[in-house]
Structures are given as C-alpha cells and as structure tokens.
Amino acid sequence: MTVTATSGATGVEPYRLRWAALFVILAAEVMDMLDALVTTIAAPTVQRELGGSDSLVQWLGAGYTLAMAVGLVTGGRLGDLYGKKRMFVIGAAGFTAASLLCGLAVNPEMLIASRVLQGLFGAVMLPQGLGLIKEMFPPQELGKAFGMFGPVMTIASVGGPVLAGWLVDADFFGTGWRMIFLINLPLGLAAVLAALRVLPEYRTFDATRLDLPGVALFSAAATLLIFPLIQGRELDWPVWTFVSMAASVALFVVFGRYEAHRVRTGRDPLVIPSLFRKRAFSGGLAAGLAFFSGIMGFGLVFSLYTQMGLGFTPLQAGLACLPQAIGGVAGFGLAMSGLQERLGRGLLQIGTVVMAAGAAWLALTIHFAGPAVSAWQLAPSLGLVGLGMGLVMAPFFDIVLAGVEPRESGSASGTLTAVQQLGGALGTAVLGTLLFHLLADEWGFAASIQATVWAEVGLLALTFTLSFLLPRHATPSGTHA
C-alpha cells in the first residue's frame, strides 16, 4: 500500500493494519536494543576465541553506537525523501545482513567493520518506525501506540544480558558467541517480510534535502575523538592521538559554522543552529552526553569485572546484571505513576543522586568484600543504580525538548538521540580505557573497577550540575515520545 502524505496524516482515515504494523516496528526496536546490550556480556569470550587486543572489547560497543550516532542525524530524512516503508525495509535487511557478517567474522577487523554496518543500517531503520506510527495512528491512539514501547523495551533490557549469556554458554551447533548475532537472521527476515506486507508507504511533500557535507563533517569530528581514546592507550599515547582529539574539537566548530552558513544561504541544515542558542537544549545535550557516557561505560566495565575479575560465566554475568535492569523498570514505573508530572526536573535530579549513591555503594561493597564478593552482595547497590537510572530516563527527553519550537522539534529530537548514541561510544572509550590502563599498571581488578566506578560517580555529579540548565517541567502535551 502506498500513501503520499504531508507531515502527519492525522486528517485521513487511520491505517487499517496499524496494530500489525506497530508489532513489526517494535520487533525492529527490540533487535536494535538487544544488539546494543549483548556484546557487553559476550565481549570477553569474543576476545578469547577470536583474538585481538583489549581495544576489540571497546570497539564492539563503540563501533555500533558511533555509527548509529552518525546515521541517526540523517536517517529520518531518508524516509521523508524516499519513503518510510522503503527505507525501513532497506534498514532491516541491511541490519540482518550485517548480523550475518558479524556471526561469520574470521578476525577482529571484520567483526568491528560488521558492527559499524549494523549501526549504520540500524540508523536507517529505526527513525522510520517512529515516523510511521505518527502517520498511521489517529491522535487519540498515539499515546497508546507509543506506550507499547515502554514494556517491550523494558523486557528487552532485562532479558538482553541474560539471553546473551545463555546463548554463549549453550554453544548451539558449536557457534558459541556467534549465536548472539546469528539469532538476528530469523528475526530480521521475519521483520522484512512482515514489513513488505503490512507497512504503509508515506512520503512527505515538503521533505528537506540531505546535508551530505554536514554529515561528513559530523562523522569525521566524532571519529577523530573516539578513535584515539580507544587506541591511544595500547600505542602509549603518541602525539597524533592528542592532535586528533584537538582536531575533533576544531572540526565540531567548523561543523557549527557550516550549518549556520547553510541557513543564511537558504539551504536545509543537518542541525538547526538556533537550537544551540537555547540554554536548556545545549545544557541538555551536555547533561545527556555525561549521563549516557556513564551508563554505557559502566555496563562494559562491570561485565568485564564479573567475567575476567570474578570468573563468572557469561550466563552468570548476565544474571548479575538483572538487579540493575529490574531497578530500572521500577524507577520508570514510579516516574510514570505521576512523579514525572509533579516533580519534572526535580525527578531527574533525584534519580541522578540515587544512581550515584548506588554506584558509590557498589564501589564500597567491592572494596570491603574483596575478591570473594558474590552476585548477591552486589545486587542491592546495582538495584539502586537501576532505580536511579529509571527515574532519570523517564523525564529526560521531554524536559530537554521542552523549550524547542515546533518547527525545530524534528532536528532537536534527532540531535538529542544522536548525542545519546555518541555518549555511549564516548563512555565505552573513556571508562574502558581507564579500566585497561589501571589493569596494565597492576592495580588488580578490584582496585581498577573501584576507580572506574568512582569515575562514573563523577559523571553523574556532572550530570546533576548541568541539570540546573534544564526547564523545571516538560511540555504539557508530552508529545516528544
């Protein structure tokens, strides 16, 4: 079915197969979330069996999230230009093919390149689903449709690490860690076939053109920052690593000036420059960068600690992560029970403090329990970390986007989501590098993980400080799903 529409087909008859189409979109979201989570559990096994240096462990996550950050800034516009259904199918098919390449990787370089491909195709696929939901559903059903994301993504976040550990330990057909990628083949093929059958096609009349030079500048600036942070330690920090990071800052400035120039000359920018003159939005980007860096970096180093430091199997490591995931579910549930509307920014700040307290408790538990610490001893502090994380995540996006004009909302949402992914890559690079550096200096795993967790507390303190730049409450309509 092909439908040509302007931005938001709310004045036409709702799409007949919209609930079946929503199921397909949710399946794609689950695939993305699982692939963002599973490598943190499987990374030590991958390194042991495939070879590669410590940087492989970091690139498994950072390559995916960096590619996702780069692709998301333009992925939504591809759907506007060439059709959302078409780009969803291309993204899902490419994601599935890249998963196969990951499963067939014969060396670390092939695996990392395939993870980058996964991230790029994921960035093409995911924005189309959200756009299609807005087109398919009438206004009175939008809340229910977007509300489906909460429980589905919660189940994926809780089950992801456990699923990864179980697949690696079970060693189905002798595939070992490869099954965490190969399991995407039936899921991806089913999503592609179902999308061809039930998704409608929408294309907007007023779609903005692609800003390819802007994409190139943003991609180069992000890569020049992340690459030396991951590779520098193994190479003993040669001069070029610092030159690269300095060049990254300069290139981000050039990117900003170029985007402003496009606006002045009447061309479509990748990111609307006026957004960065809004204190709330710029502060939200900085706070999000610090917060999401801490979340993703913490996930990696904790998984390494449980398996390489405590000798847990991948399944045991996945189960050890459960208290944090369950705490996140509880925190999100509390926020949605009315706290988000009443407290606004205050809930985000409370969540940051709770999360920092949980991380500090974790560091002290590791310190006093020593190398014999059990998963049960770690569970209370991890649960507190998850609880705080849920309290922060629930209001975060709505509050950051509260001061954005309607005409800027698309660019603002894409930029904020891209920064979320960039924060994941940055956290994996920084906290992972810190952990490996301390281990190389013979600190031992217990001392190294404690120092890394305290660095996470520092990132949360920075998030708390930056949160005062945000509006006190989100938009009354709460439309930034």
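So, a few notes on the structure that sits alongside this text. Keep in mind that this is a model prediction, so the values were computed, not measured.

Parameters and conventions
- Residues numbered from 1 in each chain as written.
- Predicted model: local features only at pLDDT ≥ 70, side-chain atom pairs only at ≥ 80, totals over all residues.
- Heavy atoms only, no water.
- Helix = DSSP H or I, 4+ residues; strand = E, 2+ residues; numbered from the N terminus.
- Rg over C-alpha atoms; globule rule 2.2 N^0.38 Å.
- Buried < 20%, exposed > 50% of the residue type's maximum accessible area, 1.4 Å probe, protein only.
- Contact = heavy atoms within 4.5 Å.
- Areas by Shrake-Rupley, 256 points an atom, 1.4 Å probe, with all protein chains shown as cover.
- Phe/Tyr/Trp six-rings, centres within 6.5 Å; stacked < 30°, edge-to-face > 60°.
- Axes fitted to C-alpha atoms, helices over the stretch in contact; angles between N-to-C directions.
- Parallel < 35°, antiparallel > 145°, perpendicular 65-115°, else oblique.
- Left-handed = near helix turned anticlockwise from the far one by under 90°.
- Nonpolar A, V, L, I, M, F, W, Y, C, P; charged D, E, K, R; others polar.
- Expected span 1.5 Å × (residues − 1).
- Arc of directions from axis to C-beta.
- Salt bridge = Lys/Arg side-chain N within 4 Å of Asp/Glu carboxyl O.
- 1 Å grid on protein atoms, 1.4 Å probe; cavity = no way out; pocket = protein on both sides within 12 Å on 5 of 7 lines; lining within 4 Å.
- Points joined across faces, edges and corners; volume = space filled by probe spheres on them.

1. Let's talk about the overall build of the chain
Along the chain, the regular secondary structure elements total 17 helices and two strands. The C-alpha radius of gyration computed for the chain amounts to 22 Å, which stays within 12% of the reference 23 Å derived for 481 residues, consistent with globular compactness. The dimensions of the chain, computed from C-alpha atoms along their principal axes, are 65 × 50 × 50 Å. Scored against the burial criterion, the 481 residues of the chain give a buried share of 55%. Intrachain contacts of the chain at a sequence separation of at least 6 include 82% that bridge at least 24 residues. Summed over its atoms, the accessible surface of the chain is roughly 19,500 Å², and 68% of this surface lies on carbon and sulfur atoms.

2. Observations regarding the packing of aromatic side chains
Tallied over the entire structure, the rule returns 17 aromatic pairs. Note on tryptophan 59 and phenylalanine 227: the rings are 5.9 Å apart at their centroids and 40 degrees apart in plane angle, and the pair reads as tilted. Residue tryptophan 59 is found in helix H2 (residues 54–82), and its partner phenylalanine 227 is found in helix H9 (residues 212–231); the two are separated by 168 residues along the sequence. On the basis of relative accessible area, tryptophan 59 is assigned to the buried category, the value being 10%. Judged by centre distance (6.0 Å) and plane angle (35 degrees), the ring pair of phenylalanine 227 and tryptophan 240 falls under tilted. Taken together, the residues phenylalanine 227 in helix H9 and tryptophan 240 in helix H10 (residues 239–264) connect sequence positions 13 residues apart.

3. Describing the packing of helix H3 (residues 84–103) against helix H8 (residues 184–198)
Relative to each other, H3 and H8 sit at 165 degrees, their axes nearing to 9 Å. With respect to H8, the axis of H3 lies roughly antiparallel. Our pair here, H3 against H8, has a crossing hand that is left-handed. Every residue of H8 that contacts H3 at Lys85, Phe88, Val89, Ala92, Ala93, Phe95, Thr96, Ser99 and Leu100 is listed here: Asn184, Leu185, Gly188, Leu189, Val192, Ala195 and Leu196. A class-by-class count of the residues in the contact of H3 with H8 yields 11 nonpolar, four polar and one charged.

4. Quick word on H8
In this model H8 runs 20 Å from its N-terminal to its C-terminal C-alpha over 15 residues, within 8% of the 21 Å that 1.5 Å per residue would give. Considered for burial, the residues of H8 that qualify are Asn184, Gly188, Ala191, Val192, Ala195 and Val198. When H8 is viewed along its axis, its buried side chains cluster within an angular range of 155 degrees and face the same direction. In H8, the exposed positions that point more than 90 degrees away from the buried face belong to Pro186, Leu189, Leu193 and Arg197. Summarising the contacts, the buried residues of H8 are in contact with helix H1 (18–50), H3, helix H4 (108–136) and helix H7 (179–182).

5. Comments concerning the environment of isoleucine 133
With respect to the secondary-structure elements, isoleucine 133 resides in helix H4. Once residues lying within four places of it in the same chain are set aside, the contact partners of isoleucine 133 are Leu22, Ile25, Leu142, Ala145, Phe146 and Phe149.

6. Regarding the pattern of salt bridges
Taken as a whole and assessed by the stated rule, the structure comprises five salt bridges. Residue aspartate 54 pairs with arginine 233 through a salt bridge whose shortest N-O separation is 3.4 Å. Of this pair, aspartate 54 sits in helix H2 while arginine 233 sits in the loop between H9 and H10; the two residues are 179 residues apart in sequence, bridging distant segments of the chain. By relative accessible area, aspartate 54 is classed as partly exposed at 23%. Judged by its relative accessible area of 16%, arginine 233 is buried. Salt-bridge contacts for arginine 262 lead to aspartate 211; the nearest nitrogen and oxygen are separated by 3.4 Å.

7. Some thoughts on the environment of alanine 359
Relative to the assigned elements, alanine 359 resides in helix H14 (residues 345–369). Remark: the alpha-carbon pair of alanine 359 and alanine 455, spanning 96 residues in sequence, is separated by 9.8 Å. Dropping the residues within four chain positions of it, alanine 359 is found in contact with Val385, Val453, Glu456 and Val457.

8. Regarding empty space enclosed by the protein
In total, this model carries two cavities of 30 Å³ or more according to the counting rule given. Ala36, Thr39, Thr40, Val57, Gln58, Leu60, Gly61, Thr65, Arg115, Met296, Leu300 and Thr428 together form the lining of the largest cavity. Secondary-structure elements contributing two or more residues to the lining of the largest cavity are H1, H2 and helix H11 (279–309). Looking at the lining of the largest cavity, the element that brings in the most residues is H2, giving five residues. Its residues assigned to classes, the lining of the largest cavity shows five nonpolar, six polar and one charged.

9. A few points about the environment of leucine 270
On the secondary structure map, leucine 270 appears in the loop between H10 and H11. For the pair leucine 270 and glutamine 340, spaced 70 residues apart in sequence, the C-alpha separation works out to 31 Å. If near-sequence neighbours (up to four positions away) are discounted, leucine 270 is found in contact with Val73, Thr74, Arg77, Asp211, Gly214, Val215, Phe255, Glu259 and Ser411.

10. Details of unusual backbone geometry
For residues that are not glycine, phi is negative in most cases, and the peptide bond is trans in most cases. Of note, the phi angle at aspartate 171 is positive, near 55 degrees, even though the residue is not glycine. Assignment of secondary structure puts aspartate 171 in the loop between helix H6 (149–170) and H7. Residue aspartate 171 is classed as partly exposed on the basis of its relative accessible area of 38%. Of note, aspartate 236 is a non-glycine position whose phi angle comes to about 65 degrees, a positive value. Relative to the assigned elements, aspartate 236 resides in the loop between H9 and H10. When its relative accessible area of 63% is taken as the criterion, aspartate 236 is described as exposed.

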